[in-house]
There are 2 protein chains.
Amino acid sequence: MLQVNEAQDIINKRISDLCYPASPERLYEPIRYVLRLGGKRIRPVFALLACNLFADDIEPAVEPAIGLEIFHNFTLLHDDIMDKANMRRGHSTVHKKWCDNVAILSGDAMQIDAYRHVSQVSQDKLKAVLNLFSQTALEVCEGQQYDMDFELREKVTLPEYIEMIRLKTAVLLACSLKIGAIIGGADVRDASLLYDFGINLGLSFQLQDDFLDVYGDINKFGKNIGGDIMCNKKTFLLISALNIADTQTKTELEKWMTIVHPNPQEKINAVTNIYNRLNIRRVCQTETDCFYQKALVALRDLNCPDQRKTVLRNYANCLINRES
Amino acid sequence: MLQVNEAQDIINKRISDLCYPASPERLYEPIRYVLRLGGKRIRPVFALLACNLFADDIEPAVEPAIGLEIFHNFTLLHDDIMDKANMRRGHSTVHKKWCDNVAILSGDAMQIDAYRHVSQVSQDKLKAVLNLFSQTALEVCEGQQYDMDFELREKVTLPEYIEMIRLKTAVLLACSLKIGAIIGGADVRDASLLYDFGINLGLSFQLQDDFLDVYGDINKFGKNIGGDIMCNKKTFLLISALNIADTQTKTELEKWMTIVHPNPQEKINAVTNIYNRLNIRRVCQTETDCFYQKALVALRDLNCPDQRKTVLRNYANCLINRES
């Protein structure tokens, strides 16, 4: 059985072995740069673990797994331009280190490179893998567009928010698992169950992220606590709070959202306080756990020896109980 | 035999029948918008004509041909952001009509959609088509990066310039022809000859474009005459002129390139005058014709009935003798 750290090592080794042309330097150096920044490599690890549920030889899944990681990093690269983000994984973003044009074009090249790697599957599985990958890639774009749209909108409903994070985050996790499963030889039912596992885990994962922004340990969470509160991001917590607050509490919350230059700690404390009074912590944890349980059910229903599922179940548990 | 206007009609009909989701509107409306702007549809027409050299049924080439046109329009969309271009085909560019973020993301979605269409080929040909398409797409990015790099460089040699336009323009024409040929059932040699035909025609085509910027008929050429001269674009004409000019003429030319706010017509007239004295018109026409002849040789050497080649030869001739 392939362990998570072994899968990570395989992926990191293969990524560090990737060879891009020397020239044009401003096209390929940003690609080398972002792939060197690391990360948890969750998507390719999922692909390898999913493949290993059905096949002992995971080598046929490695190239597509690399492609999924390249695609994920491409989305981060372009998202960072759109969000005007300066930092990513403790380093300057590409558009900051170079410029917007370099970031746009090297991102375009990464997307093509992702397709090149994802396409490295046997001929009989290529159509299925490619169709799923293209559909997923488009959905990720849709998710990003909804995310940007929601910033400009006054009201976002919970179902709309869940659909946005399903598209922006969950589908690529699900796609990675399903591609691994297809390559490993899973039948349609099992491949579909793994996809459901990925969707629900992804949703759970993103709600956990919303939660940690407010209730995380500053020493463990990678970002500053309260970042979402400061920029009025319509997270699960804020949308839920606005949904269940009485008129007075709602007015208080909206007042904090409209103050132009609030004292950061004061605003974070005040909004967190409102969340606490509304028991949003509990609401969020319940919803997170609900998706997590759905993920586990999908995993349980998979038609493969239970011991094979343990690695994936433990990894899911470790991701969802993370503090960073 | 499929005629050019029939091929254009098929492509335009299929493009107008493309159906994108209604939502998110800011992701899909820009795609509908750019595909509605039209254009000569040269790449998909080439794909259909190339297929028809070897097969009577061109239907299997239509979806990939549409993919090539979508890819081409994606490159224009992202290039227009990078070049800060306001107009394209007489209409506002996407980043002007919406904003940069919308243009970046809808471009990303178009690239994915291009892959979806290009992938609609029979399983036995999918790998060959996909490998060629991905390699070409990367080369187009390389060409665009070199083009931007050259703007910042003081000196660009003719071989560097030819390589840049090969990547930026010629390879996608060549790829379109070769994909059509592969789908039509051409053997490796014929597919490769059609690729060569496309490369040489593409180079010839681009040099013609450089030529028309200076010597075109303002009433027929789509852009303003002298646009390249005004922005000191390192075209075939300028590079050749700097190469063959004596010291005094070179100094004169460089003087015009460094004046900060020249009178446009004065600068265009002066530089055109220098080109005339150096006989650059002739140099450019000779080089254009040299590539064109190479293209015709590749077409001649194709192993298919000569009457089948006539449509392609006439279309090439019509493209290269265009005045706009």
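As the structure is a computational prediction, the values presented were derived from the model and not from experiment.

Draft legend 1. Layout of the overall build of chain A. Secondary structure assignment for chain A yields 15 helices and two strands. For 324 residues, the compact-globule formula gives about 20 Å, and the C-alpha radius of gyration of chain A, at 20 Å, lands near that figure. Per-residue burial for chain A yields a buried fraction of 47% across its 324 residues. Excluding contacts between residues fewer than 6 apart, the proportion of contacts in chain A whose partners are at least 24 apart in sequence is 75%.

Draft legend 2. Examining the domain arrangement of chain A more closely. All names here are of chain A. Taken as a whole, chain A is organised into domain 1 (1-186) and domain 2 (203-324). A separation of 24 Å is found between the C-alpha centroids of domain 1 and domain 2. Taken together, the contact between domain 1 and domain 2 spans 17 residues of the former and 16 residues of the latter. Mapped by element, the contributors of at least two residues to the side of domain 1 that touches domain 2 are helix 3 (42-54) and helix 8 (158-184).

Draft legend 3. Quick peek at the interface of chain A and chain B. The interface of chain A with chain B comprises 30 residues on the first partner and 30 residues on the second. Here the side of chain A that touches chain B gets 14 residues from one element, more than from any other, and that element is helix 7 (residues 123-152) of chain A.

Draft legend 4. Fine view of the relation of the copies chain A and chain B. Mapping chain A onto chain B is achieved by rotating through 180° and translating by 0.0 Å along the same axis, at an RMSD of 0.1 Å. Such a combination of turn and shift is consistent with a two-fold rotation axis. Mapped onto chain B, 100% of the interface residues of chain A are again interface residues, and the two copies thus contact each other with one and the same surface.

Draft legend 5. Representation of the confidence of the model for chain A within the structure. For chain A, the average pLDDT comes to 96, and 98% of its residues sit at 70 or higher. Taken over the whole predicted complex, pTM reads 0.97, whereas the ipTM for its chain interfaces reads 0.97.

Draft legend 6. Unusual backbone geometry, seen in detail. The omega torsion across S23 of chain A and P24 of chain A is 0°, close enough to zero to call that bond cis. Within the secondary structure, P24 of chain A sits in the loop between helix 1 (4-16) and helix 2 (25-36). Despite not being glycine, N232 of chain A has its phi angle at roughly 55°, a positive value. What makes N232 of chain A partly exposed here is the crowd of 15 C-beta atoms within 10 Å. A positive phi angle, near 60°, is found at N279 of chain B, a position not held by glycine. Looking at the element boundaries, N279 of chain B is found in the loop between helix 13 (264-277) and helix 14 (280-300).

Draft legend 7. Region of the structure containing the environment of K267 of chain B. Residues and elements named next belong to chain B. Note that K267 resides in helix 13. On the neighbour-count criterion, K267 (18 C-beta atoms within 10 Å) is partly exposed. When the C-alpha positions of K267 and M257 are compared, they lie 8.7 Å apart, and in sequence the two are 10 residues distant. In this view, K267 contacts I229, M230, W256 and P262; residues no more than four positions away in its chain are not counted.

Draft legend 8. Up close: the environment of Q285 of chain A. Residues and elements named next belong to chain A. Residue position: Q285 is located in helix 14 (residues 280-301). For Q285, a count of 15 C-beta atoms within 10 Å corresponds to the partly exposed category. For Q285 and E139, which are 146 residues apart along the polypeptide, the C-alpha to C-alpha distance reads 26 Å.

Rules used throughout
- Once a new chain begins, its residue numbering starts again from 1 and follows that chain's sequence as written.
- Note on labels: chains are lettered from A, ligands numbered from 1, in written order.
- In view of the model being predicted, local features appear only for residues whose pLDDT reaches at least 70, and side-chain atom pairs are presented and counted only at 80 or more, with totals across whole chains, interfaces and linings using the full set of residues.
- Under the scheme used here, helices are H or I runs from DSSP no shorter than 4 residues and strands are E runs no shorter than 2 residues, and both carry numbers assigned from the N terminus.
- The size measure is the radius of gyration over C-alpha atoms, and the globule rule it meets is 2.2 Å times the number of residues to the 0.38 power.
- Working definition of burial: number of other C-beta atoms within 10 Å of the residue's own, with buried at 20 or more, exposed at 12 or fewer, and partly exposed in between, all C-beta atoms being placed from the backbone.
- The contact criterion used here is simple: two residues whose C-beta atoms, placed from the backbone, lie within 7 Å are in contact.
- Where each domain begins and ends is defined by an automated method or by a domain database.
- All copies are superposed by least squares; the fitting set is the C-alpha atoms of residues with a pLDDT of at least 70 in both.
- Residue-level confidence of the predictor is summarised by pLDDT, bounded by 0 at the bottom and 100 at the top.

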